[in-house]
Structures are given as structure tokens and as C-alpha cells.
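What the coordinates show
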Amino acid sequence: MRAKLVATAALLGGLLLIIAGCGRSEAPEAPVNADDVMFVQMMVQHHRQGIEIAKVGTERAATPEIKTLTAAIESTQQNEVEMMLRWLHSWDQPLTAPSTGHDHHGGMPETDVEQIQALKKSKSFERDLLNLLIAHQDDALQMAGMEVYNGANPAVKEWARQVQASRKGQIDMMTEWLKR
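Residues numbered from 1 in each chain as written. Predicted model: local features only at pLDDT ≥ 70, side-chain atom pairs only at ≥ 80, totals over all residues. Heavy atoms only, no water.

Take the overall build of the protein next. Scanning the protein for helices and strands turns up seven helices and zero strands. Ordered by position from N to C terminus, the α and β elements of the protein give α-α-α-α-α-α-α. Out of the 180 residues belonging to the protein, those deemed buried represent 36%. For the protein, the share of sequence-separated contacts (at least 6 apart) that also reach a separation of at least 24 residues comes to 79%. Surface exposure of the protein reaches about 10,600 Å², of which carbon and sulfur atoms provide 58%. (Helix = DSSP H or I, 4+ residues; strand = E, 2+ residues; numbered from the N terminus. Buried < 20%, exposed > 50% of the residue type's maximum accessible area, 1.4 Å probe, protein only. Contact = heavy atoms within 4.5 Å. Areas by Shrake-Rupley, 256 points an atom, 1.4 Å probe, with all protein chains shown as cover.)

Shown next, in the form of C-alpha cells:
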């Protein structure tokens, strides 16, 4: 009888371990593909350029709406850079794209240092600032569209949709300001 109790207890113990193990599955990590990585790497650099443009705008703009917009761009994009760097770290990916990265992701141009330097010296500062920001934000809109279409990571794709909406709104607003 004792042997039967020991065997039954062992069997029940084993079943409990199996049942307990069945409920303990770790949540699968969200998928990440090469398009997600390239988008985030390129957007980090793109945002850093946007931050530089926005800083110039915040320093030189005379129109309160433009000053407010550039300050908001600077702050928002800095927070977004930090978020993107966290993603890249969590994916164990390089923080920067290969030097040919733009070629493989639509060939989006960069806003170069010369354009930003020319803006600092512009005699038609606010008009030139708005035109440069419109072009820059349109590039972000295009890159975000590629991510929405080709990406795999749900969080990155959702953020790309937010980028599309916010940058489109900014472009529309700045275009209206240029008409004044």
C-alpha cells in the first residue's frame, strides 16, 4: 500500500510539474525585420538633422508660431531619438546604418551641413526655414510610409503611422504660413 501511495504521489507531482510548465510560456518577442532596423537607424540620423534645423529656427525665428513649432520639433524629435536608440539596443543592432543605407531604403537624401549653415545666414530666414523644414519633414513622411508597408515590428509600424500623421500636419501648417 505504501509503495502504491509513493507511486501515486510521484505521478501527481509529475503531472503538477507538467501542468505548471504549460502555463509558463514566455511571451514571444515582437518580430523585427531588416526594414524595421534600417528605418530606425536612418530616422535617428534624420531626426538629429531635424533637431539642428529646429534649433536654428528657435534661435532666429521672429514669428511666435514658428518659434513654437521649432521648439516642439526639437523636443519631440530628441525624445524620439532616445526611443529609437532603445529599440536598436534591445534588438542588438548597430546604432547607425551602413554608409550605403540610404541606397537600400529608397535613396532618401540627407539635409546636409551646408544647407543648415546657409539657413543660419539667410536673409529670408523664416521663408527658407519653412521650405527646408517642409522638405525635411516630407522625407520623414516618405520613410515612414516605407516602414508601414515593409516593416514587421508592430510598435515601430505604429510609430511610423504617427510620424506620417504628425509630419503631414506640420507640412500643411507650414505651407499655409508660406502663403501669408
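Next comes the rest of the account.
For the structure shown, the criterion picks out six salt bridges. Residue Glu 52 pairs with Lys 55 through a salt bridge whose shortest N-O separation is 3.8 Å. Pair noted here: Glu 52 and Lys 55 are both in helix H2 (residues 34–60), with a separation of three residues, about one helical turn. Judged by relative accessible area, which is 33%, Lys 55 ranks as partly exposed. (Salt bridge = Lys/Arg side-chain N within 4 Å of Asp/Glu carboxyl O.)

Glancing now at the side chain of His 46. Looking at where His 46 falls in the secondary structure, it is placed in helix H2. For His 46, a relative accessible area of 5% translates into the label buried. Discounting residues that sit within four places of it in the chain, His 46 has contacts with His 136, Asp 139, Ala 140 and Met 143.

This part covers H2. Here H2 contains 27 residues, and its C-alpha end-to-end distance of 39 Å stays within 8% of the 39 Å for a straight helix at 1.5 Å per residue. Sitting at the head of H2, Asn 33 places a side-chain oxygen 3.0 Å from the backbone nitrogen of Asp 35. (Expected span 1.5 Å × (residues − 1). Polar contact = N/O pair within 3.5 Å; in protein donor to acceptor, adjacent residues only side chain to side chain.)

Trans peptide bonds make up most of the peptide bonds, and negative phi angles are found at most residues other than glycine. If you check the backbone angles, Asp 92 has positive phi at about 55 degrees while not being a glycine. Mapped onto the elements of the fold, Asp 92 is located in the loop between helix H3 (64–90) and helix H4 (101–104).

On to the packing of H2 against helix H5 (residues 113–120), then. Packing of H2 against H5 leaves a shortest axis separation of 10 Å and a crossing angle of 5 degrees. In terms of axis orientation, H2 runs roughly parallel to H5. Of H5, the residues touching H2 (which contributes Gln 49, Glu 52, Ile 53, Val 56 and Arg 60) are Ile 116, Leu 119 and Lys 120. Taken together, the residues of the contact of H2 with H5 sort by class into four nonpolar, one polar and three charged. (Axes fitted to C-alpha atoms, helices over the stretch in contact; angles between N-to-C directions. Parallel < 35°, antiparallel > 145°, perpendicular 65-115°, else oblique. Nonpolar A, V, L, I, M, F, W, Y, C, P; charged D, E, K, R; others polar.)

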